[in-house]
Every structure is written in structure tokens, then in C-alpha cells.
Amino acid sequence: MEEKDKIEKLRTKCHDYSFHSYGKAYIHEQRAQKYSKYINLLTTLGIIVPVTIGATVLGYGIENDALKFMISIAIPMSIFQLIFSLISVVYKWSDELAYSNESAQEHYFLSERFKKLGEFPPDSFTELNFEFELINTRLKSRTEQDSKHSYKDWELRKGMRYSLRENQKSCVECKQIPTSMENTECNVCGKYKFKYRII
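Treat the numbers as computed from the prediction; the structure is a model and nothing was measured. (Residues numbered from 1 in each chain as written. Predicted model: local features only at pLDDT ≥ 70, side-chain atom pairs only at ≥ 80, totals over all residues. Heavy atoms only, no water.)

Visitor: Got a minute to help me understand the nonpolar core in this structure?
Guide: As a rule of thumb, nonpolar side chains are buried together in soluble globular proteins. In terms of nonpolar packing, the biggest core is built from 10 residues, these being I7, L10, C14, L110, F114, L117, L128, F132, I135 and L139. For this core, the secondary-structure elements that each account for two or more residues are helix 1 (3-60), helix 3 (93-119) and helix 4 (125-146). With 4 residues, helix 4 is the largest single contributor of residues to this core. In contact with L110, other than residues within four places in its own chain, are S21, I135, R138, L139 and R142. (Core = buried A, V, L, I, M, F, W, Y, C linked by side-chain atoms within 4.5 Å. Buried < 20%, exposed > 50% of the residue type's maximum accessible area, 1.4 Å probe, protein only. Helix = DSSP H or I, 4+ residues; strand = E, 2+ residues; numbered from the N terminus. Contact = heavy atoms within 4.5 Å.)

Visitor: Just checking my understanding: could you explain helix 5 (residues 153-167) for this structure?
Guide: The α-helix advances 3.6 residues per turn, and as a result positions three or four apart in sequence lie on the same side. Under the 1.5 Å per step criterion, the end-to-end length of helix 5 is 21 Å for 15 residues, consistent within 8% with the ideal 21 Å. Among the residues of helix 5, those classed as buried are W154, E155, R157, K158, G159, R161, Y162, S163 and L164. Downstream of helix 5 by a residue or two, Q168 has a phi angle that is positive, lying close to 55 degrees. (Expected span 1.5 Å × (residues − 1).)

Visitor: What's the story with the packing of helix 1 against helix 2 (residues 65-90) in this structure? I'm lost.
Guide: The axes of two packed helices give the description: the angle between them and the distance between them. Contact geometry of helix 1 with helix 2 gives a least axis separation of 10 Å together with a crossing angle of 160 degrees. Taken together, the axes of helix 1 and helix 2 lie roughly antiparallel to each other. Once helix 1 is placed against helix 2, the crossing between them reads as left-handed. On helix 2, the residues touching Y38, L41, L42, L45, G46, I48, V49, T52, I53, T56, V57 and Y60 of helix 1 are A66, L67, M70, I71, A74, M77, S78, F80, Q81, F84, S85 and S88. Here the residues of the contact of helix 1 with helix 2 are counted per class, giving 17 nonpolar, 7 polar and no charged. (Axes fitted to C-alpha atoms, helices over the stretch in contact; angles between N-to-C directions. Parallel < 35°, antiparallel > 145°, perpendicular 65-115°, else oblique. Left-handed = near helix turned anticlockwise from the far one by under 90°. Nonpolar A, V, L, I, M, F, W, Y, C, P; charged D, E, K, R; others polar.)

Visitor: Would you take a moment to explain the environment of Y17 for this structure?
Guide: Its location among the elements puts Y17 in helix 1. Contacts of Y17, omitting those with residues within four sequence positions, involve F114, F132, N136 and L139.

Visitor: Any chance you could explain the pattern of salt bridges here in plain terms?
Guide: Pairing is possible between side chains of opposite charge, provided their charged atoms come close. If you walk through the whole model with that rule in mind, you get 5 salt bridges. Residue R138 pairs with E106 through a salt bridge whose shortest N-O separation is 2.6 Å. Of this pair, R138 sits in helix 4 while E106 sits in helix 3, and the two are 32 residues apart along the sequence. Here R138 falls in the partly exposed class, since its relative accessible area comes to 38%. Residue classification places E106 among the buried residues on the basis of a relative accessible area of 14%. Across the salt bridge formed by R165 and E166, the nearest N and O atoms sit 2.9 Å from each other. (Salt bridge = Lys/Arg side-chain N within 4 Å of Asp/Glu carboxyl O.)

Visitor: Looking at this structure, I do not really get the packing of aromatic side chains. What am I missing?
Guide: How two aromatic rings sit relative to each other is given by the distance of their centres and the angle of their planes. In this structure the tally under the stated criterion is 10 aromatic pairs. Judged by centre distance (5.4 Å) and plane angle (85 degrees), the ring pair of Y17 and F114 falls under edge-to-face. A residue pair is termed long-range when its members are at least 10 positions apart, and Y17 in helix 1 and F114 in helix 3 qualify at 97 residues. Taking the relative accessible area as the measure of exposure, F114 reaches 0% and is therefore buried. Here Y35 and Y38 contribute two aromatic rings whose centre-to-centre distance is 6.4 Å and whose plane-to-plane angle is 85 degrees, an arrangement assigned as edge-to-face. Taken together, the residues span about one helical turn, with Y35 and Y38 both in helix 1 at a distance of 3 residues. Y38 carries the same exposure label as Y35, and that label is buried. (Phe/Tyr/Trp six-rings, centres within 6.5 Å; stacked < 30°, edge-to-face > 60°.)

Here it is in C-alpha cells:
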């Protein structure tokens, strides 16, 4: 194989890796937003109950009926908060939030590096291959870490749609270039919305 053909083959590989890293970055970005909402809700619940009770005591006194009413509301809210906190600990929401933010940034970075290398490659295959392997080593390390936070099939389809839209590529199955993130019935870039999904 001539050097020119080798360069073109590796450039294509760079664009493919850039494409997939971009989709994975989006998946982790979406996860980060989800965990951030959960943690913010948990924090808000932890503040609302004591502040409301305290404000009621200050405003109406200890013996007032308003306090009894507020306590009757606060008890189920406190139970809900406790259950929510236990779920947070079991599913490690704080750790997942931190990792999702980190992985999203890393994948966006890798996507951009692969894209630039594919668009503006060095003149020699040896130099191109060397730079490719440097970035690919970093990608392999990130992929190994990501394997501990496995992707669900619907996440991969959603990430695929996002990358197709941003890169203006057509889906291999539905043959459409996505113009939005609206869900479709495509088995490759759709079927990712569900009526009930918490975790």
C-alpha cells in the first residue's frame, strides 16, 4: 500500500474516532445534567424542611396550630428525603456526577484532537501514525475507565443521533441526517425516550 493510501486510511480512522468520542461526550454530559438535578433536589429538600419549621416557630411560636400543621407536612417530606438520600448513596450520585463531567470534557477534547489530525495531517505517514497513537492511547485509557460506567443501548442511540446531527452525517439505517434531537423509531439513532426512567 502506498504512503498516500495509508495516510488516507488513517485520516478516515481519525474522523471515525472523533465521531464516536463526540457522541460519548454527549452521553456523559446528559448524565451529568441528570445527576446534578437529583443532587440539587436532594439539597433543596434538606434545606426546606428545617427552614420552614424554624420560620414557623419564629413567626407563630411553639404552641401555635400552624406549627403542628407544618410538622404534619414535614414528617412525610423528611421520610421522602431520607429514602432519596439512601438511593443517592447506593447509586453514588455524587461520584457519578464528578465522573460524568470529567469524561464528557475528555471525550470532547479527544474528538477535537482526532478531528484536527484527520483534517490537517502531517505530510508523512510515520509522523501521522505517531500522533494518532498518542491520542489513541489516551482514548484507550478513557474507554477503560468508561467500562466501569457502562452505557445503556438507548444512551448509545441518543449519542449516535447527537453526533450525526453535529457532523451532518446520515444514519446508516434510516438514511436521514438528524436536524434535531427529537426521538424517532430508528433502531440506530432513535428509540431512546421512555415514559418512566429515574436511574
